[in-house]
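Architecture at a glance
One-letter residues, chain by chain:
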Amino acid sequence: MSGETNAQTDSDIEAAIRENHPALISYITAGDPSLEDTKEYVEALDRGGADLIELGLPFSEPIAEGPTIQAAINRALDAGTTPQGFFELVDELETEAPLLVMTYYNMILQYGSEPDVRPFVERAAEAGLSGIIVPDLPAEEADPLRDACDDHGLDLVFIVAPTTEGERLETIMSQVSGFAYVQARLGTTGARADVSNATHDSLTRLEEYDVPKAVGFGVSEGDHAAEIVEAGADGVIVGSALVDIIAEHEEGDAPAADDLEAKARELKRGALRGAEGDVPEPEQP
Amino acid sequence: MSGETNAQTDSDIEAAIRENHPALISYITAGDPSLEDTKEYVEALDRGGADLIELGLPFSEPIAEGPTIQAAINRALDAGTTPQGFFELVDELETEAPLLVMTYYNMILQYGSEPDVRPFVERAAEAGLSGIIVPDLPAEEADPLRDACDDHGLDLVFIVAPTTEGERLETIMSQVSGFAYVQARLGTTGARADVSNATHDSLTRLEEYDVPKAVGFGVSEGDHAAEIVEAGADGVIVGSALVDIIAEHEEGDAPAADDLEAKARELKRGALRGAEGDVPEPEQP
Amino acid sequence: MSESQRNRERDSEATFGEYGGQYVPEALMPAVQELEDAYERYVLENEDGFMDEFRERMRDFGGRPTPLQRADRLSERYDREIYLKREDLLHGGAHKLNNALGQVLLAKYMGKERIIAETGAGQHGTATAMAAAHLDMPCEIYMGRTDINRQRPNVYRMRMNGAEVNPVDAGSATLKEAINETMRDWATTVERTHYVIGSIVGPHPFPKVVRDFQAVIGREAREQIQEQAGRLPDSVVACAGGGSNTMGAFHEFVPDESVALHAVEAGGSSLDIDEKKGLAPNSATLSTGTDGVLHGAMTKLLQSGDGQIMESHSVSAGLDYAGVGPELSHLVDTGRVTPVSVDDDDALNGFHRLSRLEGIIPALESSHALGYLERAAGPAADGRAAKPRDENYEELGDLVVVNVSGRGDKDLETVLEETEKRDLEAAPEVEVFDS
Amino acid sequence: MSESQRNRERDSEATFGEYGGQYVPEALMPAVQELEDAYERYVLENEDGFMDEFRERMRDFGGRPTPLQRADRLSERYDREIYLKREDLLHGGAHKLNNALGQVLLAKYMGKERIIAETGAGQHGTATAMAAAHLDMPCEIYMGRTDINRQRPNVYRMRMNGAEVNPVDAGSATLKEAINETMRDWATTVERTHYVIGSIVGPHPFPKVVRDFQAVIGREAREQIQEQAGRLPDSVVACAGGGSNTMGAFHEFVPDESVALHAVEAGGSSLDIDEKKGLAPNSATLSTGTDGVLHGAMTKLLQSGDGQIMESHSVSAGLDYAGVGPELSHLVDTGRVTPVSVDDDDALNGFHRLSRLEGIIPALESSHALGYLERAAGPAADGRAAKPRDENYEELGDLVVVNVSGRGDKDLETVLEETEKRDLEAAPEVEVFDS
Ligand SMILES: Cc1ncc(COP(=O)(O)O)c(C=O)c1O
Ligand SMILES: Cc1ncc(COP(=O)(O)O)c(C=O)c1O
């Protein structure tokens, strides 16, 4: 359905997805376990074939995260990760894959001397970030941030949940830029062992919209990736499965980067298989 | 004031007081620490010069007693003292001094097959007791017991408290037989180191009544006895000071009887000194 | 003779039939008579507006009226209308305040300067301490050392309210020794001190004083049930220890002959008595006791043949007393009140059932009244075949008022311990208790 | 446009000035909008008699109305009329039930099948568990493991009421982790589950829903004070954590411009903040916080310059929260509500003073409001020279209503521990605590 190139004004992100279709979008938390490690990990993911990389800027109250990413955020905060440090890391990074920042709205508001979204967006653009994802910012509250993003050429990615329907789906899809983040199931982030029916339903509901759709929440293996892409997704988003790898290794541990690279490779291969229709029979729960 | 013989119908008790004026009235708890010991102790008190002997029949809720006698009662109950055992002891006793039983009303009521005071009074008379004192039976509730006592020739001794005044004093003094038990002070039984003003006031209030008056609650030494008798009492009642001696000795300990006898002697001598006006200067608190 | 005079004559009698009276040491008689006089003037005649002040303070400070609540799920379970009189909502958490505030106020009108009281589990002590703080009266509470150690939170509450808590070390160091010690204090300081007795026990006029202060329970309930259900109830059910919540709930209904009055006693672990050891494994005085004199009154008692008072038992500390109010003894003898009992297990089930079905955690005392509902009217097919239905169940009728005399926060630990020992049908799963 | 329509339009706005809003994950938006719809229909329009049923249940089950009591001895001490709104007498022991029962009933009207809630100290959890038991709704409460271990009695109460208590082990295992976990549950089960938020916080419409259920406090107080004192008060004083008892007490008075509204926050041990450690040794959000977004709403927060939420502190667990209701933030900015604060010591003194002078043991939360009276109006010669009088004291006026939001039984242990550490002027002697 989608996947055909759209000639007009593709953003970096959109371009990355369309050009590398089906895309692998990876997430890790910046500063987990340190910003230096994050730099290595990002480069490893880039090498491993991630087509977009989301970097989490840690916030103390991550209400939308599951236990895995919540723990990563706590590690990053304990390591003293700040927005300043985060942007300096991004300043340094040179990756094939465009970078997005994923953070909570209060972090965006507080950057700068008083509550205002613009200083954050300016700095993000300056650092070379291509987009922003804010898990606690529904479309209804997003006007100020979207205006700022538009002004600075950043994509603002919205999440589409299994409960998003009707008028609200219209609104979100008319505002989304970069890609629609399709939430695979109800609940929070976290690696799971199956692909839910909700994913299929959501992709069906979104068929008519000509925006790339990437599916996240619970994707952890190449086979999931394959299945999701076969169901019509333009990309898969993987976070907790990568964070799990980081959590298993000591700080500064070289194999972590290698394992991340390998995992990215597995996932990307899975996604490609999905695009070719080479999908294993899904296990029924 | 009192002390002159009253020719009419003196009971054993009245006679004992008038004849041995000023009288020593002693109290111990039957069964503390065993009925056999009590027998010895009673005989020792008799030898020591006690003119009347009160025997406590233990009741589980002795609300009018101080800690000393309460503990004696608990020892007696733990030793298995029953009304049957008590009466059998009295059956055996042969003392100069007439004997009284001091117990709570429920013990009197329950003797026999249903709540009734008569079986107890009959048995008391049969055992040779001369009188009954019931610390939780005010004159207002005493009709049934007084009738039964009258029928069996037993005295029913009433207590006159420092708070007893006016009409109630009249009533009590018109009903009392044997002697009026003048409560030396507010509070409960227990040995104390001084003689209270309340004692003097009470004896003054009672001057006009031609009934022997014996003062109890807190009398522990010969000097107290002397002072009380000088203040106009016909007798002194000593309990806790004797129970203290029993409590200090092991069960079956011979010296206990000797000490009791000696204590009785000291107290009797004190009372006699009081009658002669030979009273030490009371210590002022 | 005016109605108030007639009431006054009836109420100034010292006895209920053969029960009651004033079996107290001579030294206390004047105080008891002074209280009689004060009772007649202030309580019966409302002299100086005493009763008006009492009622106003019970409203503003105590939280009266308490609701009468239709218990939806109990009504469904028992297939009849069950209404709960919510004394658990009274300030302090139990009906005890009705009496404590009344007596402390009375002491103030009488010119007394000092309040004393005994307490076992601490319910009456905390109510008295609250009332004394509220009315600015110095207050001392006697409490056995054993009870102090078992009931820390109540000790703290009393102390927070500025009361002194005097530990009693004699004997088993529990309620009975505390009563003796309070009596001693009173006998010593009687001229300036008022002894706040905690139930409808003790010498006249205490049983009437306490009853009249507690009678507001039934007075409110009688109005409320007529308003809410349109008629008088078929029965009123209340637990009975000393009997103050019981007579408080019943008093106003006594003249309504169509209303059955069920006093639910603590059956403990058994209704049998061990004469040898002087132990009653229950506190079912009305059901199994015999006549005698205890703590100032003739009444029914748990006692040995010789007249020694037995040690009673109940899982609920507030019901654990070997005596009972003389008025209840009388009303049982005349047939007006039906004494029934449920055992510790039934009471615990009653506790859990109300907690889970209605969202009200009742005092273990009150749980006896609730356990009785199950025993009398519970679904037959409930695995309870072993225990027969209470024989008085027919009297319950279609419209029942149950007095929830207090809340169960104070009982949580006991309930946990006792529940773990047992296999109770109404308890949440046991794993629930360890986390 | 009818009055109810006008109200409805005003109330359906998602913001209070710049505060409020709906900052929630997309998955929850439909649920939040469904709640908006239900709020408008059932709460604002009384559809299907919802509000009638709510009020009736709050009367019969909850014990409303609660009294407004003139505090005789506080009035004397502070030389002005002090009235106490007695929410401590509400079923469960705090104002929390007003909201919990309202929301559980609303969930039932909405056809939800399951109730979840988070709890810190356990007050909101116990209220929710009671309400859910009463209305026969399955209920799960999330609670940090650390809090579970600190607050056993509340855990037991919830379990007795049949609720499941889910321990949360993440991070510091306290309120914040419990909130996250509850959000996760809700995000997963949103279609059949209602999340009962415990204060006037969270995304629209929660702040309005909770406020409207709590507004009965001020509605009653406003009537009662006019009846009892003949006029409107000069001020209303309430403690503020999230702010539900606060807005509950204030709401009805907001249009009465002559009535000063004082929100008393927890000053903790100091109003200073340790940016480095991300610690605020207080919970005085209205007094010292800055604007930001937390738990679904824009409001005042205790946060670092970067936007990380600080760990707050108060001796009172129920006030220990880094945010505050958006409506209060707005009313503070517009000058209608005066934010003040007292520190832990003042609150403990307030606790002891009410316990000893009035016979009411208040919750530590409510004790802040009482401590503020002393700070604002206490006798000058009280050894308190070191602390200046609160600068807003003149606004208190001659007739003051103080909301006693809950009872302090739950706080006894904390108060004992904290009192022993300090030299408090109003505490009973320390020897009093060991027996
Ligand atoms: C809640 C409650 N109910 C009942 C009782 C039993 O007392 P009474 O039988 O006098 O009502 C107590 C005694 O402590 C109690 O606390
Ligand atoms: C008694 C009491 N008062 C006040 C509060 C603070 O909450 P709020 O500020 O929402 O009234 C709590 C919270 O637990 C509480 O239990």
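The model shown is predicted, which means the values in this text are computed figures rather than measured ones.

Contacts between the two partners involve 50 residues from chain D, matched on the other side by 50 residues from chain C. Applying the counting rule to chain D against chain C returns 8 salt bridges. Across the pair Arg57(C) and Asp72(D) runs a salt bridge whose closest N-O atoms are separated by 3.4 Å. When residues of the side of chain D that touches chain C are traced back to their parent elements, those giving at least two are helix H3 (50–60), strand E3 (68–70), helix H4 (72–78), helix H6 (123–134), helix H7 (145–150), helix H8 (152–160), helix H15 (344–358) and helix H17 (412–421) of chain D. In terms of residue class, the side of chain D that touches chain C is built from 21 nonpolar, 12 polar and 17 charged.

Applying the stated criterion to the full structure yields 32 aromatic pairs over all chains. Arranged with centres 5.4 Å apart and planes meeting at 70°, the rings of Phe86(B) and Phe87(B) form a pair that is edge-to-face. Phe87(B) matches Phe86(B) in its accessibility class, with the two residues each being buried. Measuring from centroid to centroid gives 6.5 Å for Phe50(D) and Phe54(D), while their planes differ by 10°, and the two rings are stacked. Of this pair, Phe50(D) and Phe54(D) both sit in helix H3, 4 residues apart, roughly one helical turn. Each of the two residues, Phe50(D) as well as Phe54(D), counts as buried. Joined through ring pairs, the aromatic side chains of Tyr42(C), Phe50(C), Phe54(C), Tyr109(C) and Phe213(C) make up one cluster. Of note, Lys208(C) hangs over the ring of Phe16(C), and the distance from its end group to the ring centre comes to 4.8 Å.

Residue and element names in this part refer to chain C. Around ligand 1, the surrounding shell holds 18 residues, and the nearest of these are Ser-199, Gly-243, Ser-244, Asn-245 and Ser-405. Between ligand 1 and Ser-199, the relevant distance is 2.5 Å, taken from an oxygen atom to a side-chain nitrogen or oxygen of the residue. Within the backbone of Gly-241, one N or O atom sits 2.8 Å away from an oxygen atom of ligand 1. Relative to its unbound accessible area of 390 Å², ligand 1 is 96% covered by the protein chains. Looking at the shell around ligand 1, its residues break down into 5 nonpolar, 11 polar and 2 charged.

Bringing the environment of Ile245(B) into the picture now. Residue and element names in this part refer to chain B. Tracing the chain through its elements places Ile-245 in helix H11 (residues 240–248). With relative accessibility at 12%, the residue Ile-245 sits in the buried group. Spatially, the C-alpha atom of Ile-245 lies 6.7 Å from that of Ala-256, the residues being 11 residues apart in sequence. Leave out the neighbours within four places in its chain, and Ile-245 touches Ala-256, Asp-259, Leu-260 and Lys-263.

A few words now on the site of ligand 2. All names here are of chain D. Of all residues adjacent to ligand 2, which total 18 residues, the nearest are Ser-199, Gly-243, Ser-244, Asn-245 and Ser-405. His-95 places a polar side-chain atom, nitrogen or oxygen, 3.1 Å from an oxygen atom of ligand 2. Here ligand 2, which alone exposes 390 Å², has 96% of that area covered by the protein.

This paragraph deals with the confidence of the model for chain C. Looking at chain C, the pLDDT average stands at 92 and 94% of residues meet or exceed 70. Prediction confidence for the complex, expressed as pTM and ipTM, is 0.94 and 0.93 respectively.

Let's shift gears to the side chain of Arg114(D). All names here are of chain D. Summarising the element assignment, Arg-114 is placed in strand E5 (residues 114–119). Look at Arg-114 and you get buried, because its relative accessible area is 9%. A distance of 2.9 Å separates the side chain of Arg-114 from the side chain of Thr-193, its partner in a polar contact. For Arg-114, the residues in contact, after removing those within four places along its chain, are Met-137, Pro-138, Glu-140, Tyr-142, Asp-185, Thr-189, Arg-192, Thr-193 and His-194.

What follows concerns the relation of the copies chain D and chain C. Mapping chain D onto chain C calls for a rotation angle of 180° and an axial translation of 0.0 Å; the resulting RMSD is 0.0 Å. Both chain copies can therefore be described as sitting about a two-fold axis. Relative to the rotation axis, the C-alpha of Leu89(D) is the closest in chain D, positioned 3.1 Å from it.

Right, let's get into the UniProt feature "active site" (unreviewed entry) in chain A. All names here are of chain A. Using the residue numbers shown here, the UniProt feature "active site" (unreviewed entry) corresponds to Glu-54 and Glu-65. Here Glu-54 shows up in strand E2 (residues 52–56). Since its relative accessible area comes to 1%, Glu-54 is described here as buried. With sequence-adjacent residues up to four places away left out, Glu-54 is seen in contact with Ile-25, Ser-26, Tyr-27, Ile-28, Leu-100, Met-102, Ile-133, Phe-179, Tyr-181 and Ile-237. Within the secondary structure, Glu-65 is located in the loop between E2 and helix H3 (67–78).

Contacts between the two partners involve 38 residues from chain B, matched on the other side by 32 residues from chain C. Between chain B and chain C lies a buried interface of about 2,900 Å² when both sides are counted; carbon and sulfur atoms form 53% of it. The tally of links from chain B across to chain C stands at 2 salt bridges. For Glu26(C), the salt bridge identified is with Arg168(B), shortest N-O distance 2.5 Å. Elements represented by at least two residues in the side of chain B that touches chain C include exactly helix H3 (67–78), helix H4 (83–92), helix H5 (105–110), strand E5 (155–160) and helix H8 (166–175) of chain B. Here the side of chain B that touches chain C gets 5 residues from one element, more than from any other, and that element is H5(B).

Criteria and thresholds
- Residues numbered from 1 in each chain as written.
- Chains lettered and ligands numbered in written order.
- Predicted model: local features only at pLDDT ≥ 70, side-chain atom pairs only at ≥ 80, totals over all residues.
- Heavy atoms only, no water.
- Contact = heavy atoms within 4.5 Å.
- Salt bridge = Lys/Arg side-chain N within 4 Å of Asp/Glu carboxyl O.
- Helix = DSSP H or I, 4+ residues; strand = E, 2+ residues; numbered from the N terminus.
- Nonpolar A, V, L, I, M, F, W, Y, C, P; charged D, E, K, R; others polar.
- Phe/Tyr/Trp six-rings, centres within 6.5 Å; stacked < 30°, edge-to-face > 60°.
- Buried < 20%, exposed > 50% of the residue type's maximum accessible area, 1.4 Å probe, protein only.
- Lys NZ or Arg CZ within 6 Å of the ring centre and 35° of its normal.
- Near = heavy atom within 4 Å.
- Polar contact = N/O pair within 3.5 Å; in protein donor to acceptor, adjacent residues only side chain to side chain.
- Areas by Shrake-Rupley, 256 points an atom, 1.4 Å probe, with all protein chains shown as cover.
- pLDDT = per-residue confidence, 0-100.
- Least-squares fit on C-alpha atoms with pLDDT ≥ 70 in both.
- UniProt positions renumbered as here; feature names shortened; annotations may be inferred.
- Buried area = accessible area lost by both parts, 1.4 Å probe.

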